Amino acid sequence: MDSSVYVFVEDLRGEGVERVLDRISGYGVAGVTIGAVHHASRDVTPHGLSRLTLRHDGAHFVPPSDLFSGLRLRPTAGYQNALDGLREACSERGLKLHGWTVFLRNATLGTQHPDVTVRDCFGDRGSLTDLCPAHPDVRQYAVALSRAVARLGVDSVVAESLHFRPLKPQRSFVPLGPMDTYLFGLCFCDYCMRRATDLGVNAEVAREECARIVGGVFDGDPPAQGEVTRAALTAYAGPEVVAYARARSETVTTLVSEVASAVAEEGSKLVFIDSTGAVKGYTDGLPSPGLAAHDAWQLGVDLVALGDLVPAFGVLAYARDAARVADDVGAYLRSVGKDREVRAVLRPGHPDSDSADRLVAKARGAKAAGALAVDFYAYGLMQYPVLDRIPAALAEAL
């Protein structure tokens, strides 16, 4: 069974490439998934050079000039020598190297070019972190970025945020329900509306309905209760809004197809990560009832369509319960096809795993459900004793 550990470039800079790879080799995993392009964050790093690590938006390599010449969007410069020698160091230890790439979550580019970010039903661009996958400049950037990472000689390009993202305000004292939040998070930029219109959707009616409903809650109407489903959304917002939401999948599917083709042309393969599992369980490991594969449409992800286009998928199995991990993996396989590689991404510690036994049970569940790989997230965020649970989990999965 294949496996890897997710690693940040700050881990390599703080502890040294040799020490990090030696420790990871000792866990018995088959590879390393390195954050080649990441987003800004502020993380507690228990064994890092700094115990509170401030990460910036950045590509941690020198982008090939031929790929970005003439493009409006270019990668934000990170630690451009951070990956020097990493491919060779991995090869010496028999480790695969995967290039973890965050595509459309980039506040630096969004702030510099706000017109490429999502625009809500009120016409506001309040999510400068979120680049819109329908915008032509964003699509060109994503394809070029995927080629750049593939050229690093990685065994795969692991794609994160290659789809729409949910609305996540830092503060809200308005009691928006799940469906209100979903409607507020839909993008109504010119390109999204044009794509929906081309598919026969009355995009302006959809925008007006979203503004009416969310605006009503802002004015004091009671928020909608319950999970977001297509049936509930149809009853609450009307068929045109649901049709508009469905149209987003064409935007994502065509973009992922272009990226997958570009990666293959560079001699690597794409591993597509749908963030629905993180939306559901990131905070506490207690995901809401709907399985991630069934709710992926909310981010514009059509897993059935992508199953014909993408060779491998990463399932963010952020759950405490081993049965839930197995259910999520199984649902993905039924959606993308049994012949596709599905990789279960597990967190070996808090908040998902309070013991080695729990991690072992989840690895066992993922394998039984059909996962061909188990990956562990993430080296720099977990204490060493927690990372030491990995060998037992791998022994169960092999």
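An unreviewed UniProt entry lists the protein chain under the name Alanine-rich protein, with Nonomuraea guangzhouensis given as the organism.

J.: I'm lost on the packing of aromatic side chains in this one. Help?
T.: How two aromatic rings sit relative to each other is given by the distance of their centres and the angle of their planes. Under the criterion given, the structure shown has twelve aromatic pairs. Relative to tyrosine 377, the ring of tryptophan 100 has its centre 5.9 Å away and its plane inclined at 80 degrees; by these criteria the two rings are edge-to-face. Here tryptophan 100, found in strand E6 (residues 96-102), pairs with tyrosine 377, found in the loop between strand E13 (373-376) and helix H17 (384-387); they are 277 residues apart in sequence, far enough to count as distant. Centroid distance phenylalanine 122 to phenylalanine 184: 5.8 Å. Interplanar angle 80 degrees. Geometry classified as edge-to-face. Of this pair, phenylalanine 122 sits in the loop between strand E7 (117-118) and strand E8 (127-131) while phenylalanine 184 sits in helix H7 (residues 178-185), and the two are 62 residues apart along the sequence. The exposure class assigned to phenylalanine 122 is partly exposed, which follows from its relative accessible area of 35%. Ring pairing ties together the aromatic residues Tyr6, Phe8, Trp100, Tyr282, Tyr318 and Tyr377, which thus form one cluster. Seen from the ring of tyrosine 79, arginine 13 lies directly overhead, with NZ or CZ sitting 3.7 Å from the centre. The ring of tyrosine 282 carries arginine 347 above its face, with NZ or CZ at 5.0 Å from the centroid.

J.: Can you help me understand the packing of helix H15 (residues 322-336) against helix H16 (residues 356-369) in this one?
T.: A packed helix pair is summarised by two numbers, namely the angle formed by the two axes and the spacing between the axes. Orientation of H15 relative to H16, taken along the N-to-C sense of each, is 25 degrees, at an axis distance of 8 Å. Relative to H16, the element H15 lies roughly parallel. Relative to H16, the crossing made by H15 is right-handed. On H16, the residues touching Ala322, Val325, Ala326, Val329, Gly330 and Leu333 of H15 are Ala361, Lys362, Gly365, Ala366 and Ala369. Class assignment of the residues belonging to the contact of H15 with H16 gives a composition of eight nonpolar, two polar and one charged.

J.: I'm lost on the pattern of salt bridges in this one. Help?
T.: Any two side chains of opposite charge can pair, given that their charged atoms come close. What the rule picks out here adds up to 26 salt bridges. For the salt bridge of aspartate 130 with arginine 165, the shortest nitrogen-to-oxygen distance reads 2.4 Å. Placement of the pair is aspartate 130 in strand E8 and arginine 165 in the loop between strand E9 (156-160) and H7, with a sequence separation of 35 residues. Between aspartate 328 and arginine 324 there is a salt bridge, with the nearest N and O atoms lying 3.0 Å from each other. Of the two residues, aspartate 328 and arginine 324 both sit in helix H15, four residues apart, roughly one turn of that helix. With relative accessibility at 5%, the residue aspartate 328 sits in the buried group.

J.: Honestly, empty space enclosed by the protein in this entry has me stumped. Any pointers?
T.: Take a probe with the size of a water molecule and roll it over the atoms, and the empty space left behind shows itself. Applying the stated criterion across every chain, the model contains three cavities of 30 Å³ or more. Size it by volume and the largest cavity reaches roughly 50 Å³. What lines the largest cavity is simply Ser4, Tyr6, Thr33, His98, Ser156, Val158, Val271, Ile273, Gly314, Arg343, Val345 and Asp375. Secondary-structure elements contributing two or more residues to the lining of the largest cavity are strand E1 (2-7), E9, strand E10 (270-274) and strand E12 (341-346). Partitioning the lining of the largest cavity into residue classes produces five nonpolar, five polar and two charged.

J.: Which parts of the structure should I look at to understand the side chain of threonine 253?
T.: Relative to the assigned elements, threonine 253 resides in helix H11 (residues 239-265). There is a polar contact of 2.8 Å between the side chain of threonine 253 and the backbone oxygen of serine 249. If sequence neighbours within four positions are ignored, threonine 253 has contacts with Asp302, Ala305, Leu306 and Leu309.

Parameters at a glance
Residues numbered from 1 in each chain as written. Predicted model: local features only at pLDDT ≥ 70, side-chain atom pairs only at ≥ 80, totals over all residues. Heavy atoms only, no water. Phe/Tyr/Trp six-rings, centres within 6.5 Å; stacked < 30°, edge-to-face > 60°. Helix = DSSP H or I, 4+ residues; strand = E, 2+ residues; numbered from the N terminus. Buried < 20%, exposed > 50% of the residue type's maximum accessible area, 1.4 Å probe, protein only. Lys NZ or Arg CZ within 6 Å of the ring centre and 35° of its normal. Axes fitted to C-alpha atoms, helices over the stretch in contact; angles between N-to-C directions. Parallel < 35°, antiparallel > 145°, perpendicular 65-115°, else oblique. Left-handed = near helix turned anticlockwise from the far one by under 90°. Contact = heavy atoms within 4.5 Å. Nonpolar A, V, L, I, M, F, W, Y, C, P; charged D, E, K, R; others polar. Salt bridge = Lys/Arg side-chain N within 4 Å of Asp/Glu carboxyl O. 1 Å grid on protein atoms, 1.4 Å probe; cavity = no way out; pocket = protein on both sides within 12 Å on 5 of 7 lines; lining within 4 Å. Points joined across faces, edges and corners; volume = space filled by probe spheres on them. Polar contact = N/O pair within 3.5 Å; in protein donor to acceptor, adjacent residues only side chain to side chain.

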